[in-house]
Amino acid sequence: NDLFNQYRRKIKNGENVPRPKVIFLVCDIALLEQQVKTIKLNTGLNVTIIKGKAAKKSKNDYNEFRSMLAVSDVFVAIPDVIYKLLSVGFLRIFDINLLIFDECHHCDSNHSYNLIMNEFYYFYLSRDKNAKLPLILGLTASPLKSKITNNIEETALKAMTTLCENLNSQIVIDPELKFDNKSMSSIIIDNKEEMNEREYIETKSHLTHPHYPILYK
């Protein structure tokens, strides 16, 4: 919510920055409307559902999609739709400022989450470490996809490490962490030592991209 509110303040203040784009991915199509209502209620941003038919291949469909992209702030979709839009060129990974993966523990193997990361995010990152790639936020209440019965600590660590690598994670954090009225993003980026009320795991330093100041200034 803090990240969404930063976007809202940028828009309302009329600051001379590119209109930020947030894509919120959910695995269950039944949750699309629910997420739209929640985001609107908590942020006041323009929220649009991207449906499967958006990824047709005609010029008119492309122009219609790009027009829709220009006027909304947050887009909610299932990952298969976003993967297809990226694949046909209607959407570019560089169009996105913040990419949110709900139930991010699915980001493995041939799941669309993992395909988006590997074929677009990591594809461009491997060619240009300063590429204007989106900030990634993964959400999950169950980071381990299956019950562990043997070598619990080792298996859990391996699973978490793999998930963090797949999402290029900077940090793993307890969502109930208290921030003492400070911005979550400013603490994560600038002041990690203040995150002392609950444990967190720093995985590795995230690459700094030129467009990130849009989020944090």
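Residues numbered from 1 in each chain as written. Predicted model: local features only at pLDDT ≥ 70, side-chain atom pairs only at ≥ 80, totals over all residues. Heavy atoms only, no water.

Trainee: Kindly report on the overall build of the chain, identifying the contributing residues and their values.
Mentor: For the chain, the helix and strand inventory stands at 8 helices and 7 strands. Here the contacts in the chain between residues at least 6 apart in sequence split such that 78% fall between residues at least 24 apart. Accessible area for the chain stands at about 12400 Å²; split by element, carbon and sulfur atoms hold 50% of it. (Helix = DSSP H or I, 4+ residues; strand = E, 2+ residues; numbered from the N terminus. Contact = heavy atoms within 4.5 Å. Areas by Shrake-Rupley, 256 points an atom, 1.4 Å probe, with all protein chains shown as cover.)

Trainee: Run through the packing of aromatic side chains, naming residues and quoting values.
Mentor: Taken as a whole and judged by the stated rule, the model has 7 aromatic pairs. Between phenylalanine 65 and phenylalanine 90, the aromatic rings sit 6.2 Å apart at their centres with planes inclined by 40°, giving tilted as the arrangement. Of the two residues, phenylalanine 65 is situated in helix α3 (residues 59-71) and phenylalanine 90 in the loop between α4 (79-88) and β4 (98-102); the sequence distance between them amounts to 25 residues. Taken together, the ring pairs connect Tyr62, Phe65 and Phe90 into an aromatic cluster. (Phe/Tyr/Trp six-rings, centres within 6.5 Å; stacked < 30°, edge-to-face > 60°.)

Trainee: Hey, could you go over the sheet that holds strand β3 (residues 74-77) for me, with residue numbers and the actual values?
Mentor: Spatial strand order, β2-β3-β1-β4-β5: 5 strands in an open sheet with parallel pairing. Unpaired on one side and paired on the other, β2 (47-49) and β5 (135-139) mark the two borders of the sheet. Ignoring which end each strand starts from, the neighbouring axes of this sheet average 20° apart. Where strand β1 (residues 22-25) meets β4, 4 bridges bridge the pair, whose relative direction is parallel. Looking at β4, one finds that phenylalanine 24 is bridged to isoleucine 100. (Pairing = 2+ DSSP bridges. Axes fitted to C-alpha atoms, helices over the stretch in contact; angles between N-to-C directions.)

Trainee: Go over the state of the cysteines with me, naming the residues and quoting the values.
Mentor: Here a disulfide denotes a covalent bond joining the sulfur atom of one cysteine to the sulfur atom of another. On inspection of all chains with the given rule, the structure shows 0 disulfides. Left without a disulfide partner, cysteine 104 is nearest to the cysteine sulfur of cysteine 107, which lies 7.6 Å away. Judged by relative accessible area, which is 4%, cysteine 104 ranks as buried. In this structure cysteine 164 is not part of a disulfide, and its nearest cysteine sulfur, from cysteine 104, lies 8.6 Å away. The exposure class assigned to cysteine 164 is buried, which follows from its relative accessible area of 9%. (Disulfide = S-S within 2.5 Å. Buried < 20%, exposed > 50% of the residue type's maximum accessible area, 1.4 Å probe, protein only.)

Trainee: Give a detailed account of the side chain of histidine 105, specifying residues and quantitative values.
Mentor: As for its position among the elements, histidine 105 is in the loop between β4 and α5 (112-127). A residue is classified by how much of its surface remains accessible, and histidine 105, at 9% relative accessible area, is buried. Within the structure, histidine 105 has its side chain in polar contact with the backbone oxygen of serine 142 (distance 3.2 Å). If we ignore the near neighbours within four places in the chain, the residues touching histidine 105 are Thr140, Ser142, Pro143, Lys145 and Leu163. (Polar contact = N/O pair within 3.5 Å; in protein donor to acceptor, adjacent residues only side chain to side chain.)

Trainee: Any chance you could break down the environment of alanine 159 for me, citing the residues and the numbers?
Mentor: With respect to the helices and strands, the residue alanine 159 is situated in helix α6 (residues 152-166). For the pair alanine 159 and proline 143, spaced 16 residues apart in sequence, the C-alpha to C-alpha distance is 8.1 Å.

Trainee: Summarise the pairing of β3; cite the residues concerned and give the values.
Mentor: A two-sided burial pattern is seen for β3, the buried positions comprising Val74 and Val76 on one face and Phe75 and Ala77 on the other. As defined by bridge partners, β1 adjoins β3 across 4 bridges and the pair is classed as parallel. Following the sheet pairing, phenylalanine 24 is matched in β3 by valine 76. Pairing analysis gives 3 bridges linking β2 to β3, with the strands arranged parallel. Residue pairing in the sheet places valine 47 in a bridge with valine 74 of β3.

Trainee: How would you summarise α6 if you had to cite specific residues and measurements?
Mentor: With 15 residues, α6 extends 21 Å from end C-alpha to end C-alpha; this agrees with the ideal 21 Å at 1.5 Å per step. By the burial criterion, the buried members of α6 are Ala156, Met160, Leu163, Cys164 and Asn166. Buried residues of α6 fall within an arc of 165° about the axis and therefore sit on the same side. Away from the buried face of α6 by more than 90 degrees, exposed residues Glu154, Leu157 and Lys158 are located. (Expected span 1.5 Å × (residues − 1). Arc of directions from axis to C-beta.)

Trainee: Tell me about the packing of α4 against α5, and please be specific about residues and values.
Mentor: Where α4 contacts α5, the axes come no closer than 9 Å and their chain directions differ by 25°. Here α4 is positioned roughly parallel relative to α5, judged by the angle of their axes. As α4 runs across α5, the sense of the crossing is left-handed. Within the contact between the two elements, α4 uses Pro79, Asp80, Ile82, Tyr83, Leu86 and Ser87 and α5 uses Ser112, Tyr113, Leu115, Ile116, Glu119 and Phe120. Broken down by class, the residue content of the contact of α4 with α5 amounts to 8 nonpolar, 2 polar and 2 charged. (Parallel < 35°, antiparallel > 145°, perpendicular 65-115°, else oblique. Left-handed = near helix turned anticlockwise from the far one by under 90°. Nonpolar A, V, L, I, M, F, W, Y, C, P; charged D, E, K, R; others polar.)

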